[in-house]
Amino acid sequence: MTMHVSTKVSFFELTTFHIGGPAAFYTEIENIEELREAVSFAQEKNLPVLILGGGSNMLVSDKGFDGLVIHPKLKGFAIDGETVSIAAGENWDECAQRIVDAGLWGTENLSFVPGDVAGLAIQNVGAYGQEARSVITSVDVYDTISNSQFSISNDECKFGYRKSIFNVQKGRYVVLGLTLKLSKNGEPNTTYGLKPGTLQEMRDQVIAIRKSKGQDPSEYWSAGSFFKNPIITEEQYAKLPAGAPGFRTPLPPYGKGETEGVKVPAGYLLDKVCDLKGLTVGGAKLSELQVINIINFNNATADDVLTLFKKARDIVYQKTGIMLENEPELVGF
């Protein structure tokens with residue numbers, strides 16, 4: 001066996017929340033052979049598998065995870081004209097800078113999103129008017145059921161709002177890498193009030209905004225946005241308090257069988273409607289800088305975070321009839 005398996009590894013340093021009990025088993029894989037060994041190891045021991053990236057979009061329970069954590073460390077970055085191929089284990093923001101340096105448009109507004117490249121596809125990451133689904137042409141994966149390696153097209157990824165086949169069929173696919181189609185002749189995306197500028201200026205602007213909202217993982221421990229922006233009906237939207245119309249975003253169906261709706265910011269509901277900034281449970285609180293972020297400001301436990309989420313969710317529901325959902329993956333609960 002070439003891979004190395006550790007036991008009882010704390011999630012404290014593995015996630016941006018710095019919360020969570022131990023992983024029963026943990027391994028880092030650097031190639032497909034080690035990945036096959038890891039999957040076989042889990043199957044032989046009948047262990048559940050958690051695929052860990054940058055740990056930026058999850059909350060791990062205080063009990064930890066009683067299975068095998070596989071952390072892909074696959075590396076690789078290549079540009080061919082307007083096509084960019086990136087391995088799953090690369091740091092996304094470093095890649096976003098390299099893409100800007102190459103003069104390619106399409107991901108600059110996704111700058112400073114924490115985590116590894118694989119998360120771009122898994123979550124269909126979106127920010128400031130850009131979405132991963134609009135630039136991903138294919139995703140290379142390893143299927144843990146068939147023990148085979150192949151490529152999945154954009155359509156087959158079944159992208160939705162913060163959704164893909166990868167987080168719907170959890171644990172089945174290990175993302176190995178992405179292929180992006182970008183543009184040398186793009187234009188600034190100013191959908192969310194950004195000022196038009198060069199590629200680097202757009203990136204710098206987004207980074208400055210994200211930092212001003214407390215979304216710098218080196219300064220604040222969190223999982224980023226903890227609340228999904230709800231997609232509601234026109235009828236629900238009409239019942240919101242005055243002022244909401246400026247925040248409406250009509251959405252067409254993302255995929256077959258999904259209904260149309262109106263996306264409203266969870267932050268508007270939490271802050272303007274319910275005045276919940278700074279709401280605290282134990283060592284966790286709703287950020288005063290960006291209310292949709294739950295931050296670990298004082299040795300918060302996972303129970304602190306989840307209790308706070310449910311408390312805020314219930315208050316919003318009582319006042320608006322809208323049920324907010326968590327965005328990060330909940331592990332070990």
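Residues numbered from 1 in each chain as written. Predicted model: local features only at pLDDT ≥ 70, side-chain atom pairs only at ≥ 80, totals over all residues. Heavy atoms only, no water.

1. Regarding the overall build of the protein
Item 1. Of regular secondary structure, the protein possesses 8 helices and 20 strands.
Item 2. Taken over C-alpha atoms, the radius of gyration comes to 20 Å for the protein, in line with the 20 Å a tight globule of 333 residues would show.
Item 3. Looking at the 333 residues of the protein, the share that counts as buried comes to 52%.
Item 4. For the protein, long-range pairs separated by at least 24 residues make up 64% of all intrachain contacts whose partners lie at least 6 apart in sequence.
Item 5. Total accessible area on the protein is roughly 15200 Å²; 48% of this is exposed by carbon and sulfur atoms. (Helix = DSSP H or I, 4+ residues; strand = E, 2+ residues; numbered from the N terminus. Rg over C-alpha atoms; globule rule 2.2 N^0.38 Å. Buried < 20%, exposed > 50% of the residue type's maximum accessible area, 1.4 Å probe, protein only. Contact = heavy atoms within 4.5 Å. Areas by Shrake-Rupley, 256 points an atom, 1.4 Å probe, with all protein chains shown as cover.)

2. With respect to the nonpolar core
Item 1. Counting residues in hydrophobic clusters, the biggest one holds 39 residues, and the most contacted among them are Ile 86, Trp 92, Ile 99, Val 139, Phe 166, Leu 178 and Leu 180.
Item 2. Secondary-structure elements contributing two or more residues to this core are strand S7 (83-87), helix H2 (92-101), helix H3 (118-122), strand S10 (136-143), helix H4 (165-168), strand S12 (173-181) and helix H5 (199-212).
Item 3. With 5 residues, H2 is the largest single contributor of residues to this core.
Item 4. Among residues more than four places away in sequence, those in contact with Phe 166 are Ala 121, Ile 122, Val 139, Val 141, Ile 152, Cys 157, Tyr 173 and Val 175. (Core = buried A, V, L, I, M, F, W, Y, C linked by side-chain atoms within 4.5 Å.)

3. Some details on unusual backbone geometry
Item 1. If you check the backbone angles, Lys 8 has positive phi at about 50° while not being a glycine.
Item 2. What makes Lys 8 exposed here is its relative accessible area of 70%.
Item 3. Of note, the phi angle at Arg 162 is positive, near 55°, even though the residue is not glycine.
Item 4. Within the secondary structure, Arg 162 sits in the loop between strand S11 (148-153) and H4.
Item 5. The class of Arg 162 is buried, set by a relative accessible area of 13%.

4. So, the sheet that holds strand S19 (residues 293-296)
Item 1. Spatially, the 4 strands line up as an open sheet ordered S13-S19-S18-S17, and their pairing is antiparallel. A strand with exactly one partner marks an edge of an open sheet, and here the two such strands are strand S13 (222-225) and strand S17 (280-281).
Item 2. Inspection of the sheet shows S13 paired to S19 by 2 bridges, in the antiparallel sense. By the bridge assignment for S19, Ser 225 is matched with Asn 293.
Item 3. On the sheet, helix H8 (residues 302-320) packs against S17, strand S18 (284-286) and S19 and is oriented at approximately 30° with respect to S18. (Pairing = 2+ DSSP bridges. Axes fitted to C-alpha atoms, helices over the stretch in contact; angles between N-to-C directions.)

5. Examining the pairing of strand S6 (residues 77-80)
Residues in a regular strand point their side chains to alternate faces of the sheet.
Item 1. Of the pairings in the sheet, the one linking S6 to S7 comprises 4 bridges and is antiparallel in character. Each residue of the ladder has a partner; that of Ile 79, found in S7, is Val 84.
Item 2. Counted between consecutive antiparallel strands, the loop separating S6 from S7 contains 2 residues, among which Gly 81 sits at a positive phi close to 65°.

6. Description of the pattern of salt bridges
Side-chain pairs of opposite charge can arise whenever the charged atoms involved come near each other.
Item 1. As enumerated under the stated definition, the model contains 8 salt bridges in all.
Item 2. Between Lys 277 and Asp 271 there is a salt bridge whose closest N-O contact spans 3.7 Å.
Item 3. Overall, the relative accessible area of 16% leaves Asp 271 in the buried class. (Salt bridge = Lys/Arg side-chain N within 4 Å of Asp/Glu carboxyl O.)

7. Re the confidence of the model for the protein
Should the pLDDT be low somewhere, the predicted coordinates at that spot are not to be read in detail.
Item 1. The pLDDT averaged across the protein works out to 90; a share of 94% of its residues lies at or above 70.
Item 2. Under a pLDDT of 50 for its full length, residues 250-258 has, in the predicted model, 16 contacts with residues more than four places off or in other chains. (pLDDT = per-residue confidence, 0-100.)

8. As for the state of the cysteines
One covalent bond between the sulfur atoms of two cysteine residues makes up a disulfide.
Item 1. Here the structure, examined in full by the defined rule, presents 0 disulfides.
Item 2. Sulfur of Cys 95: no disulfide; nearest cysteine sulfur belongs to Cys 157 and is 18 Å away.
Item 3. Cys 95 gets classed as buried once you look at its relative accessible area, which sits at 1%. (Disulfide = S-S within 2.5 Å.)

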